[in-house]
Amino acid sequence: MTKLKLSSKMHLFIIISVALAVIGFAVGTVFHFVGGAFFNYGDELKPEYKSVEINYAYVDYSDEADVYQICDGIFGKLGVSYYESVSGDTSEGGKIICKFSHSTDSDKLMQAVTEIETALRGGNDSTLSNASMHSEVSELNGGKVLTYVSIALASAVVLQFLYFLIRYGVTMAFAAALANIHNLTIYTALLALTRVPVGISAVAFGALTVLVTMIACGFLFDRYRRNLKKETFAKLDKDEQTDVCVRESLISVLYPVVGIAAAAVVIFVMLSISAMSALTVLAPVAAALIGVASALYGTLLFTPSVYTRIKLIGDKVAAGSKNKK
């Protein structure tokens with residue numbers, strides 16, 4: 001990083017970014033028409049799923065945990081697992097709904113229903129406790145989450161733009177806004193390209209990618225602003241100034257980004273141990289690492305390489321305005 005002249009690599013990074021975006025969105029578009037989904041949606045975002053509904057009577061079971069223990073034992077024996085469960089009270093007792101991927105074997109779920117009913121009734125002919133299987137088709141889950149996150153991100157980007165406009169000036173404000181849009185675009189394209197299962201966690205890490213970008217841009221442009229007060233720095237040309245600021249802010253930018261990557265790995269290890277399965281947390285960790293890679297590339301390589309050009313354009317516009325006056 002100390003020898004790399006980022007300002008001279010603008011065209012290279014633009015080509016890389018455009019290529020990643022085009023390939024990623026092209027792959028997603030192909031899967032949209034062939035497989036019915038732009039992303040490889042995880043179970044909690046898939047519109048189709050199967051469910052097993054368990055109704056139990058208080059006269060048979062007063063503790064919901066006992067019913068879960070019976071169901072989990074039967075599901076585990078048959079080799080099926082649900083990705084989500086909801087529970088609640090009824091007039092006669094309680095209800096538990098376990099949701100399964102649409103690809104789960106229906107015969108195994110029907111067998112589970114039979115065994116759960118037998119276990120709950122304990123050999124009695126009572127119909128108070130029963131179980132049933134359903135195949136559901138609904139609108140895309142998580143739609144409200146996506147809407148709220150999009151509104152929050154758009155608001156945050158606008159507020160950051162206004163803050164940077166006041167504190168750092170027009171060119172840095174535009175550069176920071178471009179970094180946010182660029183990094184989120186690369187993150188989205190990589191999710192579509194790698195076919196990592198996209199769930200609510202991927203949405204969260206997308207928002208985190210933008211947040212990390214905002215923090216990193218703050219470090220970068222604050223360094224630039226402080227350096228401009230130095231006479232030796234002011235004598236450098238725009239390309240050299242940008243390269244110096246990137247080198248000096250490198251550690252400050254790496255701390256939050258690498259910290260998130262390390263946290264993702266730790267969470268992966270801990271949840272893998274508790275869930276006894278790496279597959280249950282592999283997708284969120286993969287999304288976290290893609291977000292980290294997008295933020296690092298966009299903030300440390302792409303944004304500095306194009307900032308000098310943005311600065312030159314801004315200076316020309318400012319000089320033109322002064323000449324007119």
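Everything below is about the structure shown above.
Notes on the structure follow. Please read all numbers here as calculations on a predicted model, not as lab measurements.

## Some thoughts on the pairing of strand 1 (residues 48-57)
Look at any regular strand and the pattern is simple: side chains alternate between the two faces of the sheet.
No. 1: Extensive coverage of strand 1 is indicated by the burial of 9 of its 10 residues.
No. 2: Bridge count between strand 1 and strand 3 (residues 93-101): 9 bridges; the pairing is antiparallel. In the strand pairing of strand 3, Val52 is matched with Cys98.

## With respect to the layout of surface pockets
No. 1: Each pocket or cavity is described by its volume, and for the second largest pocket that value is around 320 Å³.
No. 2: Lining the second largest pocket are 16 residues, and of these Phe39, Leu146, Thr188, Ala202 and Val203 lie nearest its centre.
No. 3: Counting only elements with at least two residues in the lining of the second largest pocket, the list comes to helix 4 (143-167), helix 5 (170-194) and helix 6 (200-227).
No. 4: Residue composition of the lining of the second largest pocket, by class: 13 nonpolar, 3 polar and no charged.

## A look at the nonpolar core
No. 1: Formed by 20 residues in total, the largest nonpolar core has its most connected members in Val52, Ile54, Val67, Phe75, Ile96, Phe100 and Ile116.
No. 2: By residue number, the principal contributor to this core is helix 2 (residues 64-78), which donates 6 residues.
No. 3: Excluding residues within four positions of it along the chain, Ile54 makes contact with Val67, Cys71, Gly94, Lys95, Ile96, Cys98, Ile116, Leu120, Asn130 and Ala131.
No. 4: Residues Ala175, Ala179, Phe221 and Phe233 belong to the second largest nonpolar core, which totals 16 residues.

## A word on the pattern of salt bridges
No. 1: Here the structure, examined in full by the defined rule, presents 5 salt bridges.
No. 2: The partner of Lys95 in a salt bridge is Glu53, and the shortest N-O contact between them spans 3.6 Å. Remark: Glu53 occurs in strand 1 and Lys95 occurs in strand 3; sequence separation between them is 42 residues.
No. 3: In this structure Lys95 comes out as partly exposed when scored by relative accessible area, which is 29%.
No. 4: With relative accessibility at 17%, the residue Glu53 sits in the buried group.
No. 5: Here Arg226 and Asp222 are joined by a salt bridge, their closest N and O atoms 3.3 Å apart. Of this pair, Arg226 and Asp222 both sit in helix 6, 4 residues apart, roughly one helical turn.

## Considering the pairing of strand 3
No. 1: With 7 of 9 residues buried, strand 3 is to be regarded as a mostly interior element.
No. 2: In this structure, strand 2 (residues 84-89) lies alongside strand 3, joined through 6 bridges in antiparallel fashion. Residue pairing in the sheet places Ser85 in a bridge with Cys98 of strand 3.
No. 3: Here strand 2 hands over to strand 3 after 3 residues, the two strands then running antiparallel side by side.

## Quick notes on helix 1 (residues 10-34)
No. 1: Here helix 1 contains 25 residues, and its C-alpha end-to-end distance of 36 Å stays within 8% of the 36 Å for a straight helix at 1.5 Å per residue.
No. 2: Where helix 1 is concerned, the buried positions are Met10, Phe13, Ser17, Ala21, Gly24 and Gly28.

## With respect to the packing of aromatic side chains
No. 1: Inspection of the entire model under this criterion finds 14 aromatic pairs.
No. 2: Geometrically, the ring pair formed by Phe13 and Tyr297 is edge-to-face, given 6.1 Å between the ring centres and 65 degrees between the ring planes. Within this pair, whereas Phe13 is found in helix 1, its partner Tyr297 is found in helix 9 (residues 279-324), the two being separated by 284 residues in sequence.
No. 3: With a relative accessible area of 14%, Tyr297 lands in the buried category.

## A look at empty space enclosed by the protein
No. 1: Following the criterion strictly, the structure yields 2 cavities of 30 Å³ or more and no others.
No. 2: Here the largest cavity is characterised by a volume of approximately 70 Å³.
No. 3: Along its surface, the largest cavity is lined by Phe205, Leu208, Thr209, Val212, Val257, Ile260, Ala287, Ala288, Gly291, Val292 and Ala295.
No. 4: When residues of the lining of the largest cavity are traced back to their parent elements, those giving at least two are helix 6, helix 8 (238-275) and helix 9.
No. 5: A total of 5 residues in the lining of the largest cavity trace back to one element, the largest contributor, which is helix 9.
No. 6: Taken together, the residues of the lining of the largest cavity sort by class into 9 nonpolar, 2 polar and no charged.
No. 7: There is about 40 Å³ of room inside the second largest cavity.

Criteria and thresholds
Residues numbered from 1 in each chain as written. Predicted model: local features only at pLDDT ≥ 70, side-chain atom pairs only at ≥ 80, totals over all residues. Heavy atoms only, no water. Buried < 20%, exposed > 50% of the residue type's maximum accessible area, 1.4 Å probe, protein only. Helix = DSSP H or I, 4+ residues; strand = E, 2+ residues; numbered from the N terminus. Pairing = 2+ DSSP bridges. 1 Å grid on protein atoms, 1.4 Å probe; cavity = no way out; pocket = protein on both sides within 12 Å on 5 of 7 lines; lining within 4 Å. Points joined across faces, edges and corners; volume = space filled by probe spheres on them. Nonpolar A, V, L, I, M, F, W, Y, C, P; charged D, E, K, R; others polar. Core = buried A, V, L, I, M, F, W, Y, C linked by side-chain atoms within 4.5 Å. Contact = heavy atoms within 4.5 Å. Salt bridge = Lys/Arg side-chain N within 4 Å of Asp/Glu carboxyl O. Expected span 1.5 Å × (residues − 1). Phe/Tyr/Trp six-rings, centres within 6.5 Å; stacked < 30°, edge-to-face > 60°.

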